[in-house]
Amino acid sequence: MLEVYRRSPDDRCPVVCVDETSKQLVAETRVPQPPAPGQPVRYDYEYRRHGVCNLFMLATPKQGWRTVKVTARRTKRDFAAVLRDLVDVHFPQAKKVVLVCDNLNTHHPSVPCETFPRPRRGASRLEWHYTPKHGSWLNIAEIEFAALAAQCLDRRIASEAVLRAEIAAWVQARNALGTPVHWQFTTEDARIKLLHLYPTFE
């Protein structure tokens, strides 16, 4: 998988990292107190829960592009829909999309075929690569989630509509900058840090 990250950027075979996380929707029970000189905005400790949304992150590390899809759940069908958009909407001209994901049970090549009665040729255009077990931190999409959490989701958001709008604005601004990920962890590093994952020969 680390060798995949070393490939040169290629629009015909883009490397796309995918991951998902959840965001709890939380509303204020009282109006926050506005800021004052030497005093930031103050929020009450009480809040009202409004459910949870799932976020799918798709990111091309070297091209500096990402998108986030907000869904109510993260079932196989939801993941299959994300993959369909990936090949049919985001990269329709790509010969092959190189996919990096973790080992979640919904992340399986059979998912598009199981979900849609007549899977299009898109399913065959996916080249699957998995992070090691307990090594999902090797998925660069997690770096994008960290940026999203710090720059956009670090406050209470009360509704799915507001969540979608805020994330869409973040995606547009970050894509406009074309911010790539400068990946430093190499195969040589892995042979030291992840020695237990490599076979030994006597």
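Anything mentioned here points back to the structure above.
How each quantity is defined
- Residues numbered from 1 in each chain as written.
- Predicted model: local features only at pLDDT ≥ 70, side-chain atom pairs only at ≥ 80, totals over all residues.
- Heavy atoms only, no water.
- Pairing = 2+ DSSP bridges.
- Helix = DSSP H or I, 4+ residues; strand = E, 2+ residues; numbered from the N terminus.
- Axes fitted to C-alpha atoms, helices over the stretch in contact; angles between N-to-C directions.
- Contact = heavy atoms within 4.5 Å.
- Buried < 20%, exposed > 50% of the residue type's maximum accessible area, 1.4 Å probe, protein only.
- Lys, Arg positive; Asp, Glu negative; His and termini not counted.
- Salt bridge = Lys/Arg side-chain N within 4 Å of Asp/Glu carboxyl O.
- Polar contact = N/O pair within 3.5 Å; in protein donor to acceptor, adjacent residues only side chain to side chain.

### Quick word on the sheet that holds strand β5 (residues 126–130)
Next, step 1: Overall, mixed pairing links the 5 strands, which are arranged β3-β2-β1-β4-β5 in an open sheet. The strands lining the two open edges of the sheet, one partner per strand, are β3 (65–71) and β5. Mean inter-strand twist for the sheet, computed between neighbouring axes without regard to direction, equals 30 degrees.
Next, step 2: By the bridge criterion, 5 bridges tie strand β4 (residues 97–101) to β5 in an arrangement that is parallel. Of the residues in β5, the one forming a bridge with Leu99 is Trp128.
Next, step 3: With respect to the sheet, helix α4 (residues 141–151) is in contact with β1 (15–28), β2 (47–60) and β3, its orientation differing from that of β2 by roughly 135 degrees.

### A few points about the side chain of Asp102
Next, step 1: Following the sequence through the fold, Asp102 ends up in the loop between β4 and α3 (111–115).
Next, step 2: The buried charged residue Asp102 lacks any salt bridge, with Arg74 as its nearest oppositely charged partner at 7.1 Å.
Next, step 3: At 3.2 Å, the side chain of Asp102 and the backbone nitrogen of Leu104 are in polar contact.
Next, step 4: Within the structure, Asp102 has its side chain in polar contact with the side chain of His107 (distance 2.8 Å).
Next, step 5: Residues within four places of Asp102 in sequence aside, it is in contact with Asp19, His107, Tyr130, Thr131, Ser136 and Asn139.

### Brief notes about the environment of Thr71
Next, step 1: Within the secondary structure layout, Thr71 lies in strand β3.
Next, step 2: On the basis of relative accessible area, Thr71 is assigned to the buried category, the value being 9%.
Next, step 3: Once the C-alpha coordinates of Thr71 and Leu153 are considered, the two residues, 82 residues apart in sequence, prove to be 16 Å apart.
Next, step 4: Reaching out from Thr71, the side chain makes a polar contact with the backbone oxygen of Arg73 at a distance of 2.5 Å.

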